[in-house]
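Structural overview for review
What follows is each chain in one-letter form.
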Amino acid sequence: MWKFYGICVNILVKTYSLWLYGETEVNIMRMTDIIEKKRDGGVLSTEEIRFMVKGYTDGSIPDYQMSAMLMAILLKGMDRRETLDLTMAMVDSGETLDLSRINGVKADKHSTGGVGDKTSLILCPMVAAQGVKIAKMSGRGLGHTGGTIDKLESFPGFNTGISEETFINNVNEFGIAIAGQTADLDPADKKMYALRDVTGTVPSIPLIVSSIMSKKLAAGADIIVLDVKSGSGSFMKTEEAAHELAENLTAVGKMAGKKTVAVITDMDEPLGNAVGNALEVKEAIAVLKGEVKGELLELCLTLGSCILTEAGFAANDAEARKMLLCGIEDGTALKKLAELVEGQEGDPKAVYDTSMLPEAKVKFEAISKRSGYVKHISAADVGLVSMHLGGGRATKESEIDLSVGVMLHKKVGDFVEVGESLGTIHASDPAKAEEATRLLENCYTLVPEKVEKPKFIKGIVR
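Conventions and cut-offs
Residues numbered from 1 in each chain as written. Predicted model: local features only at pLDDT ≥ 70, side-chain atom pairs only at ≥ 80, totals over all residues. Heavy atoms only, no water. Helix = DSSP H or I, 4+ residues; strand = E, 2+ residues; numbered from the N terminus. Expected span 1.5 Å × (residues − 1). Buried < 20%, exposed > 50% of the residue type's maximum accessible area, 1.4 Å probe, protein only. Arc of directions from axis to C-beta. Polar contact = N/O pair within 3.5 Å; in protein donor to acceptor, adjacent residues only side chain to side chain. Pairing = 2+ DSSP bridges. Right-handed = clockwise from strand over helix to strand, strands pointing away. Axes fitted to C-alpha atoms, helices over the stretch in contact; angles between N-to-C directions. Parallel < 35°, antiparallel > 145°, perpendicular 65-115°, else oblique. Contact = heavy atoms within 4.5 Å. Nonpolar A, V, L, I, M, F, W, Y, C, P; charged D, E, K, R; others polar. Salt bridge = Lys/Arg side-chain N within 4 Å of Asp/Glu carboxyl O.

**Re helix H14 (residues 317–329)**
If you check H14, its first and last C-alpha atoms are 18 Å apart, about what 13 residues at 1.5 Å a residue would give, namely 18 Å. For H14, every residue scored as buried is listed here: Ala320, Met323, Leu324, Gly327 and Ile328. Projected down its long axis, H14 shows its buried positions confined to an angular sector of 145 degrees, all on one face. Those residues of H14 that are exposed and angled more than 90 degrees off the buried face are Ala318, Lys322 and Glu329. Sitting at the head of H14, Asn316 places a side-chain oxygen 3.2 Å from the backbone nitrogen of Ala318. Positive phi appears at Gly331, one or two residues downstream of H14, with a value of about 85 degrees.

Pasting the structure below:
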């Protein structure tokens, strides 16, 4: 009898607590407790992570508490289950893109950033020309150069802000669409990334993984291919750090049910020769025409082969590369870029006549005062030269000049004679151009002995 009374009292206490607090006292969470748990090296539960992300997104958890949590994660880390939970909580913080109305296999690509990275403008048309659907959400650049969206706006009339309906229709009709990320897609990442940028917590691998993968998973593709940069011009300064990031990215992608591949590539010098928005578009078109080869084409063939094999369109990498090269040779890849531009209100004639793209008013040659072999080109500093000319953003509100930038004539391993041009400066006025020529020369390290060019593709993590 007393045991029965005890059970009844316990039920009444719990019922009262539920009525008073909206939940039982034992389930009440406090951000302070979660911060302290991670600070002391604890492993956060799924519920704690979701509480944290939801609270920060809706404003109930303030910046100062999330700043403390981000620093605790940077210092103590997260295991892969925690990283997956953080990623999925960020995905669920806003809307997701439903691609179920698109027929066929959908693929997306992401780069961890770099200087002169115009890969999407080449890779996406190459892959779409082989029948894989490219449904890509991209962002604008903040820093030395514009992002893919900024580069695409070099085409007259190009609209990156198309509706979801147009986006879906274009992928079904043309096999490709690249649009700007909407404000409702992954809002947690937008808030957290801005906070990481000013709290010294950008380099944390769990935070990088959750930021990248939450956006890619929210965008809804079946296959995700990642270009992980390694070197002085990237977040991951060493090859070891890039491998660690690649392994974590692919692991989280697989845990989330997506086919995910990461390619680790060199970023100790700018990618290709062009740095600057319209200049990079012109170089991308030259690659699609078969006029430019080298590391830029090699990167696109490697990434594209990963997509085609994962999609089941090719039996192996060799077959995939042959398909992609055929798309360049027969003109279908270039045509696919023109269809992308036309489908988003741009003028497709600019794909075939690049004189229609923005052109700088002033061009200066950066003449070398030294001779020797190029041992190193500081990618980050070349990016800053482009930013000095107006090709990048210091703040989100900054206006980009799409016409300006640098066209490099000498890369690592090349010999430079005194009086030769290291690169052509494209500028809006002579004063900026003259200063940029001095800055560009300082980006180069020349040595008397011959230099062997480093391996460009450093590894593939499937």
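**As for the pairing of strand S5 (residues 259–266)**
Counting buried positions over the 8 residues of S5 gives 7, a clear majority of the element. With 8 bridges joining them, strand S4 (residues 223–230) and S5 adopt parallel strand pairing. Following the sheet pairing, Ile223 is matched in S5 by Lys259. Between S4 and its parallel partner S5, the chain crosses via helix H11 (residues 239–255), and the hand of that crossover is right-handed.

**Some thoughts on the packing of helix H4 (residues 63–76) against helix H9 (residues 187–199)**
Axis angle and axis distance: for two packed helices, these are the angle between their axes and the distance between the axes, and together they describe the pair. Between H4 and H9, the shortest axis-to-axis distance is 10 Å and the interhelical angle comes to 70 degrees. With respect to each other, H4 and H9 are oriented roughly perpendicular. Note on element contacts: H9 touches H4 through Met192, Leu195, Arg196 and Thr199, opposite Asp63, Met66, Ser67, Leu70 and Met71. Residue composition of the contact of H4 with H9, by class: 5 nonpolar, 2 polar and 2 charged.

**Considerations on the pattern of salt bridges**
The final tally for this structure, using the stated rule, is 34 salt bridges. The partner of Asp33 in a salt bridge is Arg30, with the nearest N and O atoms 2.8 Å apart. A relative accessible area of 48% places Arg30 in the partly exposed class. The closest approach of N and O atoms between Glu420 and Lys410, which form a salt bridge, is 3.2 Å. Note that Glu420 is positioned in the loop between strand S10 (415–416) and strand S11 (421–427) and Lys410 in the loop between strand S9 (405–408) and S10, a separation of 10 residues in sequence. When salt bridges with common partners are traced through the structure, they connect Glu269, Glu295, Lys411 and Lys453 into a single cluster.

**Digging into the packing of helix H3 (residues 46–58) against H9**
Here H3 crosses H9 at 80 degrees, and the two axes come no closer than 9 Å. Relative to H9, the element H3 lies roughly perpendicular. Taken together, the residues of H9 that come into contact with H3 (itself represented by Val53, Tyr56 and Thr57) are Pro187, Ala188, Lys191, Met192 and Leu195.

**Comments concerning the sheet that holds S10**
Spatially, S10-S8-S12 is the arrangement adopted by the 3 strands of the open sheet, whose pairing is antiparallel. The sheet is open, and its two edges are formed by S10 and strand S12 (444–447), each paired on a single side. Relative to S10, strand S8 (residues 372–377) runs antiparallel, the two sharing 2 bridges. Opposite Tyr373, over in S10, you have Phe415 as the bridge partner.

**Examining the pairing of S4**
For S4, the tally of buried residues reaches 8 of 8 residues, placing the bulk of the element in the interior. Side chains of S4 alternate between two faces, with Ile223, Val225, Asp227 and Lys229 and Ile224, Leu226, Val228 and Ser230 buried alike. Pairing of strand S1 (residues 106–111) with S4, which is carried by 5 bridges, proceeds in the parallel orientation. Each bridged residue has a counterpart across the sheet, and for His110 the counterpart in S4 is Leu226.

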